Every structure is written in C-alpha cells, then in structure tokens.
There are 2 protein chains.
Amino acid sequence: MGAEDRRPATIYDVAERAGVSIATVSRALHGSSLVAAKTRDRVVEVARTLRYNPSQAGRQLAQGRYMAMGIVFPDLAGPYYAEVILGYEDRVAAHGCSVLILATHRRPNAEELAMDLAGRVDGMVIMGRTIADRVVARIADQRPVVLLARPPVGEIESINADNTASAERLTEHLLGHGYQRFAFLGDPRESPDVGGRYAGFRSALAAAGRRVPRPIRCGFSVAAGHEAALALLRKPHRPQALVCANDEVALGVLSAADELGLSVPAEVAVTGWDDILAARPARLTTVRQPMRELGATAASWLHERILGERVGGRHEVLATELVTRASCGEHPG
Amino acid sequence: MGAEDRRPATIYDVAERAGVSIATVSRALHGSSLVAAKTRDRVVEVARTLRYNPSQAGRQLAQGRYMAMGIVFPDLAGPYYAEVILGYEDRVAAHGCSVLILATHRRPNAEELAMDLAGRVDGMVIMGRTIADRVVARIADQRPVVLLARPPVGEIESINADNTASAERLTEHLLGHGYQRFAFLGDPRESPDVGGRYAGFRSALAAAGRRVPRPIRCGFSVAAGHEAALALLRKPHRPQALVCANDEVALGVLSAADELGLSVPAEVAVTGWDDILAARPARLTTVRQPMRELGATAASWLHERILGERVGGRHEVLATELVTRASCGEHPG
DNA sequence: GCGCCGGCTGAAAGCGCTTATGGTAATTCG
DNA sequence: CGAATTACCATAAGCGCTTTCAGCCGGCGC
C-alpha cells in the first residue's frame, strides 16, 4: 500500500533529476525531434526510475483537450447498451481517447451529472430518453454531441437503427404465416426505438388491411413481459402472434405461455428484438441490430468533429436483420 | 451545431459580466458562506445566462483531485462485467465522482492505456487477467487500487466471489444425484475465477473418493462451449454431468446436446455459472454471484482510501448462491 | 473620536503541463 | 577568420480553476 502518502512524481522532479528544463522533459517524452537523442534517452531513463506518470489534468488544461469522450445511457441491464458501449469504447480507444460513462437510471440529478460529464470530455454520445431536450441542446452548444437511439433535437447529429422498416418486415413475415390476431407488447412512449417498432408494426398491418391493435404497455424486463402476457393470454379471444418490444419481454412471454400450457408457436407465436444471447436457446425469432456499429460510428463522427473537420448535421439510419427461429411458426413455403 | 466554434464561457467571463473577481464566482457557485446572498444570486444568474459550465480540467489541477474513478476489465461481452460495472458506477456516482472505463480485450497496448487511465482518476479497479502484476504494482504505487476477480498482487486490496466454496457445493449437489462421470469445461488458467471453480470441483470429487478429470479447456463463449461439448459427448464413454465455467459455455453445451439428440438432464446433466438472463429460459442450474455488490464494494473501498481513511489491506470474499433448475437432474430427496 | 472586529471581496499564488519565444553554443559557409 | 546558420535547450507565459491571505468598509464598544 502506501499509495496514499507517496506523492507521484511530477515533470519537475524528472527535470531536476535529469538536469534539464521541464520543457525538454515534455518534448523528450513526446518524441519531439527538437531534442538530442542523448538527452532524450537520459530523460526517458530518469522518468522510468522515478515512475513518472504525467498528470492528465495538466495536459488537459495546457492543450485544451481532454482526450476523452463520454457516453450517457439509461442503464446497463441487458446486453443492448453494453454492446453499444463496447463498440464505442473500442473506436474511441483507437482514436487515443478514454471513455467516460454515465448511467442515468432515473437518477433525479441525471441532467446535472450529464453537464458535469460534458465538462470532462471533448465530445459525447447521448442515448435514449435520458436527458431533456433543453439540456441536450445546452451541451451540444459547447461540445460535439451525437444522439443515439434518441429522437432528434434540433440539428444535432443522430444515428438510429432502422426500427420501422424492420418492424414492417417482421410483421409481414408473421402475416405470411397466416396469423389473424396480433398484439404488440411494449410502450412506444418509453423509447423512440419502441415507437419506431410500433409504427412499422402498425403500417404493415394497415397495408394488409388488418385492424391495428393498441400497444400493450409494459416495461422492458422479463418480469414485465411475463405479467403482461399472463393477462393477455388468458383472454378468450387471445392473440395468435405477440410482437414484443425487445427480447427480454419476449422471454417473459415465453415463460408465461409455458406456465399457461400454451405451446409456442403452435398456439401462440412470439417475436422479440435485439437478438440477445438468450434468444437463441429460447428459439426466439427476433431482429438483430448492429449495436457495436452504432457505437463505433458515433465515436468516429465525434472524432471528426473534434478534429474540426467541417462536417454537417449527419443523420444515419442503420439497417437491421430479421432472424427467424422457431417461435414465430413453421416457416411457410 | 456550431459547437466547434463557440468557445465555452470561462470563470473569467462570468466574473467580468457580474462585476466581481473570479474568486467570488468560484465561491458563489459552490455555495460558500463567505459570499453575500445578493452577490451570490447575481453571479448565479450571470452564470446561467452565459451557460457557464466549469472546465473540470481546471478544477482537477487546482484541487489535486479528479473526482473520477476508473475500472479496467477484459471485455463487456456477456452480462458479468456489465453488472459489476453497473454496481460500480452506481456507487461511484453516489460519491459524486465520474467513471472512466477501459476494456482491454487483448489490445497490445493495454498496459499503456491503463497507466494513462491511472493519470486521470483518483483511484481504480482492476479486474481479471487484464494487466501484468508489474504494472498493477506500479499503478497501486501512486493511486489507490482495488483488485476484483483477480489473483492477489502484493498487499493490494482485493474482492472476490467465493468460487471454490460454491463449486464444492455445486459438485456435491451433482454427486447427490448419483452421477458417476464428470467433466469440467473451461480453462482454469484463463481466469482466477475459473481457477477457483475448478479447485472446488476437484476438492469435492476428491473428498467423495472420485477420480478427478482434467479440465476441458475451452473459451468463454457459447460457440466454444458448443464445439467442446460436441467432441466430448460423441465419445463412447461420455460424461454424465458437465460442469461449465460459465453460463455461456453451458448454453453452448445445451445446444450441442440438442444437436446430438441427447436429452438434458436425463442423458446428460449441465451446469453453468453467473445466472445470466438466458439461464432461466434454458432451465440451467447455475451459481448466482453478487456481481453488483462486487462493484459497489470496490467503489466504497476506493472512496474511503481516497478520503485518506487509514484502512489497511482488506481482502473480502463474497458469498454466492446455488440456483438449481432442471438442467442438473430431477432434484433428489 | 479612536481602535477593533466581523463580514465580504479581491489580488495573487499555484496546481502540472504544453508551447511559443529567445538565447547560446556548435557548426557551416563565404 | 568572421558571419550566418543550425541544433539544442531554457525561460516564461498561459490553460481555468481553488484557496490563502490581505484589505476594505461599516458598525461596535470605549
């Protein structure tokens, strides 16, 4: 231990010990060509023996860059955000920067924390419905910001997965199975992603001349899906195909069907979203999103903006992929 | 947009506009009692209209604290690390600090990145086999460090889940089912956690007078488990009970068994570790770890050390919980 | 009327670093 | 051999903040 008492060496310590100025130390350690090879070696050697690790606070202040990027997301439960963050972290690190994270999970002071974060980074990503538009705009006013899976705010750049189109494809696929009665589980108001999914669900049904049911509003967890499905599947005229807002909800539906003795897909078809790990063993038909790519693209955009490249308000919609497994029914012709 | 050109307001701008010195601004915005209420209100008002957001670099340098803590982990695939990080982030935020993350995933310059991280935080957590002992020691020499799920390094504080004890309990449970031939899937060398699990597996078998099989070394993914299980279960004298290093591997085993037409648990019993979301629909017997608590405890320890409380080299082992589901066999007795 | 004290504020130092700017010795060239 | 480069290094300014210290001013007691 003793980490608490031993004050870490500063650039001054190195300079003194090596018999040079701090400017030379700085240059030597950054491989500047303005320093003689002999001096450089000596400085590097001293730095090593002194275990010198530059204080980033000093650097940040001096060169006006943090060499860090932030990301704000609602939660880390479920693989969705973890994957996005992973893609983000990977790309950010490739650009030589560190990653700051902030999970807002309904914290009352989330916006204050986000502002604080903004004061520590060169740019940041804001995901989902975490921060009020007003605050997002304030942050974007002083730092490059990219919105991920979030409704647009002014001209701020954004990246989304193509929820609507994939929902249409999914719904059309189910229509192809011949199902008549549909249900949508999830709250379109809760997340822009779910909003887009419901929109696609609706438009596909409408295009086929079917009645469009209202969404069954429920949370995003397995438990929420389970509970909602129990109520729904006990009805006399129960739906034949349940389109769930994400895989967690779909897993809850599966366990509810099991509990009620209903076989999937013969008596009820179920689909999810995200293609999480559990989807495969559960044989769940779902939609795969390019989660890592979402994060990676956002990181690159930020990096370009930070470097001052004059790129304008980009808005990208990434394609998704329908993954059909057993839960939606035997594949038709 | 325009985030690139508009230079954010500094404390000087606020001071000038409010007609006070920067010292007063600083005090006013921190609610110091040394400033008159009237002045404070005026300063706060000006700060708002100027959209002043303090640069954290300046603060960090001035008060010698980063108000940030780091965490280094191998990867974010699978829910394990995500959960730990979530517990960590939550507690760190409660202490008013930000969180820096670093995923090393076999990056060649991981240690350099970790050193860099160390220069941006007040303390940090290092998980798993990410960083060489030598580097860990160097970091711990200048910052408080807590090791998580990592073999000890010197006197550096550490927190672990009780892998060995729970592995013993799990193995005893399987012995209670009457199985004769066991296998362990996972590489004890890859992670200290797996090492502990294999150790418990071994000691329980040894205590029962059984032969202890060598571990079947495989990766941590579903695919790795699948592949390893295919080879293993095709053998004429195949094992009856497969103890897997984690749930992902166990899921791979389940799908392999399915592929080979072997029923679980009648023909082969399978167990996992971590109780990830997919474990429930897969009816997987597994071991639940207090993942969030691991992260939260580490955060609190760091916080205490940073505040200078003279606490010594603590080492804690957190208890785990056996979760029995169908995959290990019909429950005996 | 004078000295004191307490409430409030400003001036200034300093945190650790980067980066012009300037200066000196060693080299080159006319 | 003197002047003009060149190669190298030190000095110093400045990044945006916190915090110590000193100072000002009005009100109090004597």
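Residues numbered from 1 in each chain as written. Chains lettered and ligands numbered in written order. Predicted model: local features only at pLDDT ≥ 70, side-chain atom pairs only at ≥ 80, totals over all residues. Heavy atoms only, no water.

Before we move on, can you summarise the sheet that holds strand S11 (residues 315-318) of chain A with the specific residues and values?
The sheet built from 12 strands is open, its strands ordered S11(A)-S5(A)-S4(A)-S3(A)-S1(A)-S2(A)-S2(B)-S1(B)-S3(B)-S4(B)-S5(B)-S11(B) with mixed pairing. Looking along the sheet, the strands with just one partner apiece sit at the ends: S11 of chain A together with strand S11 (315-318) of chain B. Each adjacent strand pair in this sheet contributes to an overall mean axis angle of 20 degrees, direction not counted. Sheet topology places strand S3 (residues 123-127) of chain B next to strand S4 (residues 145-148) of chain B; four bridges connect them, and they run parallel. The residue bridging methionine 124 of chain B from the neighbouring strand is valine 145 of chain B, located in S4 of chain B. The strands touched by helix H12 (residues 291-306) of chain A within the sheet are strand S1 (68-73), strand S3 (123-127), strand S4 (145-148), strand S5 (157-161) and S11 of chain A, with S5 of chain A carrying the most contacts at an inclination of about 170 degrees. (Pairing = 2+ DSSP bridges. Helix = DSSP H or I, 4+ residues; strand = E, 2+ residues; numbered from the N terminus. Axes fitted to C-alpha atoms, helices over the stretch in contact; angles between N-to-C directions. Contact = heavy atoms within 4.5 Å.)

Provide a residue-level description of the protein's contact with DNA strand D, including the pertinent values.
Contacts to DNA strand D come from 27 residues, most closely from Thr39 of chain A together with Ile11, Ser26, His30 and Tyr52 of chain B. For DNA strand D, the backbone makes up 61% of the atoms found within 4 Å of the protein, where backbone means sugar plus phosphate. Note that a phosphate oxygen of DNA strand D is positioned 2.7 Å from one of the side-chain N or O atoms of threonine 24 of chain A. Going through the elements one at a time, helix H2 (22-29) and helix H4 (56-63) of chain A together with helix H1 (11-18), helix H2 (22-29) and helix H4 (56-63) of chain B are the ones with two or more residues in the surface near DNA strand D. (Near = heavy atom within 4 Å. Polar contact = N/O pair within 3.5 Å; in protein donor to acceptor, adjacent residues only side chain to side chain.)

Please give an account of the protein's contact with DNA strand C that cites residues and values.
The local shell around DNA strand C holds 28 residues, among which Ile11, Ser26, His30 and Tyr52 of chain A together with Thr39 of chain B are the closest. The sugar-phosphate share of atoms of DNA strand C within 4 Å of the protein amounts to 62%. Between serine 26 of chain A and DNA strand C, the recorded distance is 2.5 Å, taken from a side-chain N or O atom to a phosphate oxygen. Within the side chain of arginine 59 of chain A, one N or O atom sits 3.0 Å away from a phosphate oxygen of DNA strand C. At the level of secondary structure, the elements contributing two or more residues to the surface near DNA strand C comprise helix H1 (11-18), H2 and H4 of chain A together with H2 and H4 of chain B. A class-by-class count of the residues in the surface near DNA strand C yields 15 nonpolar, nine polar and four charged. (Nonpolar A, V, L, I, M, F, W, Y, C, P; charged D, E, K, R; others polar.)

Hey, could you go over the domain arrangement of chain A for me, with residue numbers and the actual values?
Once the domains are mapped, chain A shows domain 1 (3-52), domain 2 (67-160 + 290-319) and domain 3 (164-288). Between the C-alpha centres of domain 1 of chain A and domain 3 of chain A there is a distance of 62 Å. (Domains from an automatic or database assignment.)

So, the sheet that holds strand S7 (residues 215-216) of chain B: which residues are in play, and what are the values?
Strand pairing in a sheet relies on backbone hydrogen bonds, with the paired strands running either antiparallel or parallel. Residues and elements named next belong to chain B. One open sheet holds the four strands; their spatial order is S7-S6-S8-S9, and the pairing between them is parallel. Each edge of the open sheet carries a strand with a single partner, namely S7 and strand S9 (269-271). As judged from the two bridges shared by strand S6 (residues 182-185) and S7, these two strands associate in the parallel manner. The partner of phenylalanine 184 across the bridge, within S7, is proline 215. Across the sheet, helix H9 (residues 192-207) is in contact with S6, S7 and strand S8 (241-244); its angle to S6 comes to roughly 170 degrees.

I'd like a rundown of the interface of chain B and chain A, residues and numbers included.
Contacts between chain B and chain A engage 63 residues on the former and 64 residues on the latter. Here chain B meets chain A over a buried area of about 5,700 Å², counting both sides, of which 53% is carbon and sulfur. Where chain B packs against chain A, one counts 26 residue pairs in polar contact (both at pLDDT 80 or more). Put simply, the parts of the chain that give the side of chain B that touches chain A at least two residues each are H4, helix H5 (79-94), strand S2 (98-103), helix H6 (110-118), helix H7 (133-140), helix H11 (247-259) and helix H12 (291-306) of chain B. The residue makeup of the side of chain B that touches chain A, split by class, is 32 nonpolar, nine polar and 22 charged. (Buried area = accessible area lost by both parts, 1.4 Å probe.)

Got a sec to walk through the relation of the copies chain B and chain A? Specific residues and values, please.
You can overlay chain B on chain A at an RMSD of 0.1 Å; the transform is a turn of 180 degrees with a shift of 0.0 Å along its axis. Both copies are brought into coincidence by an operation consistent with a two-fold rotation axis. A share of 100% of the interface residues of chain B reappears at the interface of chain A, consistent with the copies meeting face to face through the same patch. (Least-squares fit on C-alpha atoms with pLDDT ≥ 70 in both.)

So what's going on with the packing of helix H6 (residues 110-118) of chain A against helix H7 (residues 133-140) of chain A? Residues and values would help.
Residue and element names in this part refer to chain A. Where H6 contacts H7, the axes come no closer than 10 Å and their chain directions differ by 10 degrees. Classified by the interaxial angle, the pair formed by H6 and H7 is roughly parallel. Between H6 and H7, the residues in contact are Glu111, Ala114, Met115 and Ala118 and Arg134, Val135, Arg138 and Ile139, respectively. By residue class, the composition of the contact of H6 with H7 is five nonpolar, no polar and three charged. (Parallel < 35°, antiparallel > 145°, perpendicular 65-115°, else oblique.)

Break down the side chain of histidine 226 of chain B for me, citing the residues and quoting the values.
Residue and element names in this part refer to chain B. Within the element layout of this structure, histidine 226 appears in helix H10 (residues 222-233). A polar contact is formed between the side chain of histidine 226 and the side chain of serine 255, at a distance of 2.6 Å. Setting aside residues up to four positions removed in sequence, histidine 226 forms contacts with Gly252, Val253, Ser255, Ala256 and Glu259.

Explain H7 of chain B to me, and be specific about the residues and the numbers.
Among all positions of H7 of chain B, only Val135, Val136, Ile139 and Ala140 of chain B are buried. For H7 of chain B, the arc enclosing every buried residue in end-on projection is 135 degrees, short of the 170-degree limit, so these residues lie on one face. (Buried < 20%, exposed > 50% of the residue type's maximum accessible area, 1.4 Å probe, protein only. Arc of directions from axis to C-beta.)

Could you give an account of the pairing of strand S8 (residues 241-244) of chain A, naming the residues involved and the relevant values?
Residue and element names in this part refer to chain A. Of the two faces of S8, the one carrying Ala241 and Val243 and the one carrying Leu242 and Cys244 are both buried. One ladder, built from four bridges, connects strand S6 (residues 182-185) with S8; its direction is parallel. Following the sheet pairing, alanine 183 is matched in S8 by leucine 242. Taken together, the three bridges between S8 and strand S9 (residues 269-271) define a ladder with parallel strand orientation. The residue of S9 that forms the bridge with alanine 241 is alanine 269. For the handedness criterion, the β-α-β arrangement of S8, helix H11 (residues 247-259) and S9 is classed as right-handed. (Right-handed = clockwise from strand over helix to strand, strands pointing away.)

So what about the environment of valine 146 of chain A? Which residues, and what values?
Residue and element names in this part refer to chain A. Checked against the element boundaries, valine 146 lands in strand S4. Linking valine 146 and valine 136, residues 10 residues apart in sequence, is a C-alpha distance of 10.0 Å. Beyond its immediate stretch of four places on either side in the chain, valine 146 contacts Met124, Val125, Ile126, Glu157, Ile159, Ala298, Trp301 and Leu302.

So what's going on with the pattern of salt bridges? Residues and values would help.
All names here are of chain A. Enumeration over the complete set of coordinates arrives at 42 salt bridges over all chains. Here glutamate 157 makes a salt bridge to arginine 314, at a shortest N to O gap of 2.8 Å. With glutamate 157 in strand S5 and arginine 314 in the loop between H12 and S11, this residue pair connects regions lying 157 residues apart in the sequence. In this structure, glutamate 157 and arginine 314 share a single accessibility class: buried. (Salt bridge = Lys/Arg side-chain N within 4 Å of Asp/Glu carboxyl O.)

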